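# Architecture and fold: a report
Residue-level listing of the chains:
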Amino acid sequence: MTESAASGGSAAKPPADRGRTTIADGVVEKIAGLAAREVAGVHAMGSGTGLSRTFGAVRDRVPGGSKSSVSRGVKAEVGEVQTALDLEIVVDYGVSIREVARAVRENVVSAVERMTGLEVVEVNIAVSDVKLPDEDDEEPESRLQ
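Note that the coordinates shown come from a computational prediction; the quantities given were computed from them, not determined experimentally. (Residues numbered from 1 in each chain as written. Predicted model: local features only at pLDDT ≥ 70, side-chain atom pairs only at ≥ 80, totals over all residues. Heavy atoms only, no water.)

Below, the discussion takes up the nonpolar core. Of all hydrophobic cores here, the largest spans 24 residues; its most connected members are L85, L87, V104, V108 and V112. Of all the elements in the fold, those that place two or more residues in this core are α2 (25–37), β1 (42–45), β2 (74–78), β3 (82–92), α4 (97–116) and β4 (119–131). The residues contacting L85, other than those within four sequence positions of it, are V28, A32, V74, K75, A76, V108, V112, V120, E122, V123 and N124. (Core = buried A, V, L, I, M, F, W, Y, C linked by side-chain atoms within 4.5 Å. Buried < 20%, exposed > 50% of the residue type's maximum accessible area, 1.4 Å probe, protein only. Helix = DSSP H or I, 4+ residues; strand = E, 2+ residues; numbered from the N terminus. Contact = heavy atoms within 4.5 Å.)

Below is the structure:
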């Protein structure tokens, strides 16, 4: 009996090559969102207006809210082997925006490539606001005590 006959008629693939893995856009968005938040100087993700942040915080507390807070401000396009990301951030006043953006790119690319195996072809960053030291975070107060 030949080797191919013993293995069912065709050369068997190694177990790691049997099947396909797909990664959802939302998975990459969460990884990128967490990686961006780890960078010093990033105050928040998403729209910088206080009102938008307030509505976003309320939306996060509602079951079935549109987007988790982890991935807010992140949009990913995921292909079979590559991904591209758009991030919207709010930075703290006084930091070098150029340095924060560089650090965010490095951290996001490293985390996404390490965890997913996808090649990150670009990370576009839009700075939508600066958090001033005397500004309060506009979190809605809970009605529960």
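Let us now look at the side chain of T116. Structurally, T116 can be placed in helix α4. Of the polar contacts made by the side chain of T116, one reaches the backbone oxygen of V112; its length is 2.5 Å. Apart from the residues lying within four places of it in its own chain, the contact partners of T116 are I23, V28 and I31. (Polar contact = N/O pair within 3.5 Å; in protein donor to acceptor, adjacent residues only side chain to side chain.)

This part covers α2. Taking 1.5 Å per residue, 13 residues should reach 18 Å; α2 reaches 18 Å between its end C-alpha atoms and fits that length. All buried positions along α2 are accounted for by V28, E29, I31, A32, G33, A35 and A36. Where α2 is buried, its residues touch β1, β2, β3 and α4. (Expected span 1.5 Å × (residues − 1).)

Another point: a negative patch on the surface. A grouping of D25, E77, D86 and E122 is seen on the molecular surface, where their side chains present a negatively charged patch. Tracing the backbone through its elements, the reader meets E122 in strand β4. (Patch = residues over 30% accessible without salt bridge, like charges linked within 9 Å, V, L, I, M, F, W, Y side chains within 5 Å. Areas by Shrake-Rupley, 256 points an atom, 1.4 Å probe, with all protein chains shown as cover. Salt bridge = Lys/Arg side-chain N within 4 Å of Asp/Glu carboxyl O. Lys, Arg positive; Asp, Glu negative; His and termini not counted. Charge placed at Lys NZ, Arg CZ, Asp CG, Glu CD.)

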